[in-house]
Structures are given as C-alpha cells and as structure tokens.
Amino acid sequence: MGVEIDIKPIKEWLPKLNNPLLIAGPCSLETEEQAMDTARQLAKDPRVFVYRGGVWKPRTRPGSFEGIGTVGLEWLKQVKQETGLLVGTEVANAQHTEEALKAGLDVLWIGARSTASPFVVQEIADVLKGTDAVVMVKNPVNPDTQLWMGAIERLSKVGITKLVGIHRGFTPFRETKYRNYPNWQSFIELRRLMPNLPVICDPSHIAGKREYLSEISQKAFDMGMDGLMIESHRDPSCALSDAAQQLTPADLFKLLDKLVIRNEKVDNKQFEDQLEMLRSRIDSLDTELLEILSSRMEVVRQIGQYKKDNNVTALQMSRWTELMNKRVSAGEKMNLNRTFVQILFQLIHEDSVRMQTEIMDAE
Ligand code: PEP
Ligand code: MN
C-alpha cells in the first residue's frame, strides 16, 4: 500500500539547484587540513552542492578509526563559511543529532546500520521534532523496503518534510563483485510506495571499489534517481576509512563529465509517438505471454491428474533439473540473461508443483 506523506520536493528547499543533487566529500573527516583542502577542491565545480564528511563513524568491528568526533563539526562550519557549500554528516544517536543541529549543519543523514534499528531512528526523530532539518535516510543494511519506509515515516511523524532516501546497497549474502548488493528492485518498490520521495544513490558504498563507481552512477541516472552521494578524498590512498572506494576531486569531476543525465519526460511529439508505438507492442507481447502461460498451466493440470491416477509424485527431480538446464541454454541462445531465465523457470515450476499437489489432494 502506498503512503502519502508530506514531502517537499528538493527544488523547493534548494531553489538554486539546477542539476541532480550531488553530495561529495570524504568518508571521514580526519584532520582540519584534509577536510578543508578536499572541500576547496570540490567547491571548484558548481555541480557539487553539498559537502559530506563523516564525523562519527559506525565501523563493523571496533578498533579501526571511529571518527574524529565533535571537532569535525567545527571544520564543517568552516567549510560552509569559506566555500559556500552546504554541509552534512551522519548522525547515529540523539546526542549526535543535538550536536549537529547546534552546529547548524544543512543536511543530516541516518546511516544504513541505524535505519535498521527503529529504536535509534525514533531517538533521532524525537530530537528533530519541531525543527526544519533536511534529513536523508539510507536504506537499511538488509533489503527490507518496509523498514526503510518506516524510518522515513518516523521522521515525517515528527514534522520533517525535507526528506530524501539514499540507496547504498545491501549486505550481500555471498561473495559479489560489489561491496553492497544494489537491489534496484528495492528502489523501484520505494518509488512505487512513496512516489513523492526524492531518492539519490550512494555508488561509493555499493561499489566498494573506485572502478565500479561510474557504472553504478550511470545506472542510478538511468533509473531516474535524483542525485548522487559520492565519497571524495584529497588523497584516497591514505584515507583512514573506505580508501578503496574514494575518488580524488579531480577524478570525481572526470566521472561526472562522462555521466549521461536522463529526463523522465521530453517535450517531443515524435518521441512520444514512437514510445507509444513500442509500448503497445509490449502490451500485446505481454498478453501473448499470459496466454502461453495459461495454456502451459492447462497441460500441467492434465499431467497432475495423470500422475494422480497412476499414484506418482508431483515433483520429479531429474525431470526438473533437465528442464531447467535445457531452458537456460535455449534462453542464452536467444540472448536472454541466464539468471533471469533461471528465476523465471523456478517460479513457473514452483507454481506447477503447487497446482499438481492441489489436484492430487482434491477429493
Ligand atoms: C558513510 O556514508 O560513510 C557510511 C558509513 O555509510 P553507510 O551507512 O551507507 O554504511
Ligand atoms: Mn564510507
């Protein structure tokens, strides 16, 4: 079920923003020098609108650099004063939130580990009550769209209207190319359920490695996301956290130059007509797909009855494995993605077995 909450479009609270919202800055603020130097370099490009810098760092295990703490807020204030960039940091409890508000930061964000905890989100929301803060909410580490929405709703309930979602990927359950699995489906689900929520992408935490930043950023724009949060450090090789995924400001600008920013709509009659034509082809192909599935199910029904009459089980593993292998390789020859065909036939098979057992159990 969709949720209609009061969310102000970014353009209303950042009227000077002409491009997608770009937030850039180091994973962690380390020294005043590093914070200021990185900010001065980033401020040279007008596409960078907000400077990020982690001050309190949630680390997976204790012992690594846990952030510079409160003094970092002073550096952020200095960045704002000197460069004119807006500034923001992550808050993970009530005390951080109080301090960040007192320092007058422009943006606060809730990190992925915190979003996963409704207690923490509520504690932060209670401090934010009655303020006009801009709050961004990263997805929780687990791919639970309801939990992500729940955090946004908690903030909405205390009167926060300048809200943004940040897609930063999900903890993978097996070794993957990326550090965090970008389950684009979760973004689509969030957009469907909260259509008026601006959502930006954090390619840095999805990628884990610099080399993947560009493909993920482009994908975010292809999907119609509203901006990016990218980690940038004046010298990533000696960053105290997330060294492998940060870019120098100069490399960030190069990456931005290559990205194609797409519009959801264009004012072009010829384009609209062509799109309309292609969409109607899709509509009729989908009808054909459904008709084929329905005929297939009719055959499954007959098989179920036949197996029942002969007292044979619904599931025959060898047949299933053979079918799956054949379908996947046939699909590959037709340029269909292997995983897609596997998942599709898993679903079809699951429902066929369900149908057959239903027939067998019927009186
Ligand atoms: C970060 O932005 O530096 C950070 C810790 O991100 P996340 O909460 O997405 O892990
Ligand atoms: Mn980081």
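Residues numbered from 1 in each chain as written. Chains lettered and ligands numbered in written order. Predicted model: local features only at pLDDT ≥ 70, side-chain atom pairs only at ≥ 80, totals over all residues. Heavy atoms only, no water.

K.L.:
How do you make sense of the pattern of salt bridges when you look at a structure like this?
P.N.:
Two side chains bearing opposite charge may form a pair once their charged atoms approach each other closely. Following the criterion strictly, the structure yields 22 salt bridges and no others. In this structure, R234 engages D37 in a salt bridge whose closest nitrogen and oxygen atoms are separated by 3.2 Å. Of this pair, R234 sits in the loop between β8 (227-231) and α11 (249-258) while D37 sits in helix α2 (residues 32-42), placing them 197 residues apart in sequence. Between R52 and E231 there is a salt bridge; the shortest N-O distance is 3.4 Å. A residue pair is termed long-range when its members are at least 10 positions apart, and R52 in strand β2 (residues 50-52) and E231 in strand β8 qualify at 179 residues. Taking relative accessible area as the criterion, R52 reaches 1% and is therefore assigned buried. Each of the salt bridges in this network shares a partner with another, and the network as a whole consists of E33, D37 and R234. (Salt bridge = Lys/Arg side-chain N within 4 Å of Asp/Glu carboxyl O. Helix = DSSP H or I, 4+ residues; strand = E, 2+ residues; numbered from the N terminus. Buried < 20%, exposed > 50% of the residue type's maximum accessible area, 1.4 Å probe, protein only.)

K.L.:
I keep staring at the domain arrangement of the protein chain and nothing clicks. Help me out?
P.N.:
As a measure of interface size, the accessible area lost when the parts come together is often cited. Parsing the protein chain into structural domains produces domain 1 (10-258) and domain 2 (269-361). Distance from the C-alpha centre of domain 1 to the C-alpha centre of domain 2: 41 Å. (Domains from an automatic or database assignment.)

K.L.:
Would you mind going over the packing of helix α7 (residues 145-157) against helix α8 (residues 184-193) with me for this structure?
P.N.:
If you want to describe how two helices pack, look at the angle between their axes and the distance between the axes. Relative to each other, α7 and α8 sit at 45°, their axes nearing to 10 Å. As far as their axial angle goes, α8 and α7 are oblique. The hand of the α7/α8 crossing is right-handed. On α8, the residues that touch T145, Q146, W148, M149 and I152 of α7 are S186, E189, L190 and L193. The residue makeup of the contact of α7 with α8, split by class, is five nonpolar, three polar and one charged. (Axes fitted to C-alpha atoms, helices over the stretch in contact; angles between N-to-C directions. Parallel < 35°, antiparallel > 145°, perpendicular 65-115°, else oblique. Left-handed = near helix turned anticlockwise from the far one by under 90°. Contact = heavy atoms within 4.5 Å. Nonpolar A, V, L, I, M, F, W, Y, C, P; charged D, E, K, R; others polar.)

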